[in-house]
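So the chains spell out like this:
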Amino acid sequence: MAVKLLEIKKESCPAARLIGRKYTGAPNWGEWFQNDWFSALEVNPRISLNGDAYIGAVHIVNGMPERWIGMFFPVDTQVPEGFEFVDIEALDYAVCYLSGKEGSGDFFSMETHNMCLEALRAGGFTRKEDNWCFERYNCPRYTTPDGEGNVILDYGISVII
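Residues numbered from 1 in each chain as written. Predicted model: local features only at pLDDT ≥ 70, side-chain atom pairs only at ≥ 80, totals over all residues. Heavy atoms only, no water.

> Quick rundown of the packing of aromatic side chains? Include the residues and the values.
Under the criterion given, the structure shown has 14 aromatic pairs. Seen in terms of ring centroids, Trp32 and Phe38 are 4.6 Å apart; in terms of plane orientation they differ by 40°. Their pairing is tilted. As far as the burial class goes, Trp32 and Phe38 line up, both buried. Each residue in the set Trp29, Trp32, Phe33, Trp37, Phe38, Tyr54, Phe83, Phe107, Phe108, Tyr137 and Tyr142 is aromatic and connected to the rest through ring pairs, giving one cluster. Above the ring of Tyr97, the side-chain terminus of Lys9 is found at 5.5 Å from the ring centroid. The ring of Phe83 carries the charged tip of Arg21 above its face, separated from the ring centre by 5.3 Å. (Phe/Tyr/Trp six-rings, centres within 6.5 Å; stacked < 30°, edge-to-face > 60°. Buried < 20%, exposed > 50% of the residue type's maximum accessible area, 1.4 Å probe, protein only. Lys NZ or Arg CZ within 6 Å of the ring centre and 35° of its normal.)

This is how it looks when you write it as structure tokens:
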């Protein structure tokens, strides 16, 4: 496998508002950058779990995945016109720090997801089924490759503590 799991850290997130756009199919990151939608969100203070990162998130609704692109904010944050939101209860996450080649689709494979689930179980974590998972595209970890062309993606899975 081209993606390596560097470490797993437990992170706690207070109740949060995910502001962005909801997708029932594949999320369209290209339209976000073409339309500069992140700049409309970046004017608001984000919660610490988000930092300066863009978020791809998914959870299961009525047996089907509901995908989001956006950012995490305090629950009382005003939603800019043209955006949607979902309020998320306070959750604990096991965050897998994944290293791989810049642009690699291996970050987003079921094999990588299952590798993370196995590592969580081995580390004593219990996944909170059908609840939130997120990809945190942190700058500079994900945006600036190291000398070997690798970047780091933060992959969070909600867990029961």
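> Report on the pattern of salt bridges, specifying residues and quantitative values.
The tally for this structure, following the rule as stated, stands at eight salt bridges. Across the salt bridge formed by Glu11 and Arg136, the nearest N and O atoms sit 3.0 Å from each other. Residue Glu11 is located in strand β1 (residues 4–13), and its partner Arg136 is located in strand β8 (residues 133–137); the two are separated by 125 residues in the primary sequence. Taken as a pair, Glu11 and Arg136 share a single burial class, namely buried. One salt bridge connects Glu129 with Arg127, and the closest N-O pair in it is separated by 4.0 Å. Taking relative accessible area as the criterion, Glu129 reaches 56% and is therefore assigned exposed. Three or more residues joined by partner-sharing salt bridges are found here, namely Glu11, Arg136, Arg141 and Asp154. (Salt bridge = Lys/Arg side-chain N within 4 Å of Asp/Glu carboxyl O. Helix = DSSP H or I, 4+ residues; strand = E, 2+ residues; numbered from the N terminus.)

> Run through the environment of Ala57, naming residues and quoting values.
Mapping Ala57 onto the fold places it in strand β3 (residues 54–61). As a C-alpha pair, Ala57 and Gly156 span 99 residues in sequence and 9.1 Å in three-dimensional space. Contacts of Ala57, omitting those with residues within four sequence positions, involve Leu18, Glu66, Arg67, Trp68, Trp132, Cys133 and Phe134. (Contact = heavy atoms within 4.5 Å.)

> So what about the pairing of strand β9 (residues 150–160)? Which residues, and what values?
Summarising burial for β9: nine of the 11 residues are buried, a large majority. Two elements, strand β6 (residues 91–101) and β9, share 10 bridges in a ladder whose sense is antiparallel. Looking at the pairing, Tyr93 lines up with Ser158 of β9. Where strand β7 (residues 126–127) lies against β9, two bridges are found, and the strand directions are antiparallel. (Pairing = 2+ DSSP bridges.)

> I'd love a proper account of unusual backbone geometry, names of residues and values included.
In this model, Cys139 is joined to Pro140 through a cis peptide bond whose omega is 15°. Phi is positive for Asp36, close to 55°, though the residue is something other than glycine. Relative to the assigned elements, Asp36 resides in the loop between α1 (29–34) and α2 (37–41). The backbone of Asn62 sits at a positive phi, close to 50°, despite the residue not being glycine. Here Asn62 lies in the loop between β3 and β4 (64–73).

> Mind laying out the pairing of β8, listing which residues take part and the relevant values?
Burial within β8 is extensive, with five of its five residues counted as buried. With burial as the criterion, each face of β8 is covered, one bearing Cys133, Glu135 and Tyr137 and the other bearing Phe134 and Arg136. Here β8 runs beside β9; their pairing, made up of four bridges, is antiparallel. In the sheet register, Cys133 faces β9, and the bridge partner there is Ile157.

> Could you give an account of the side chain of His113, naming the residues involved and the relevant values?
Relative to the assigned elements, His113 resides in helix α3 (residues 110–122). Judged by its relative accessible area of 12%, His113 is buried.

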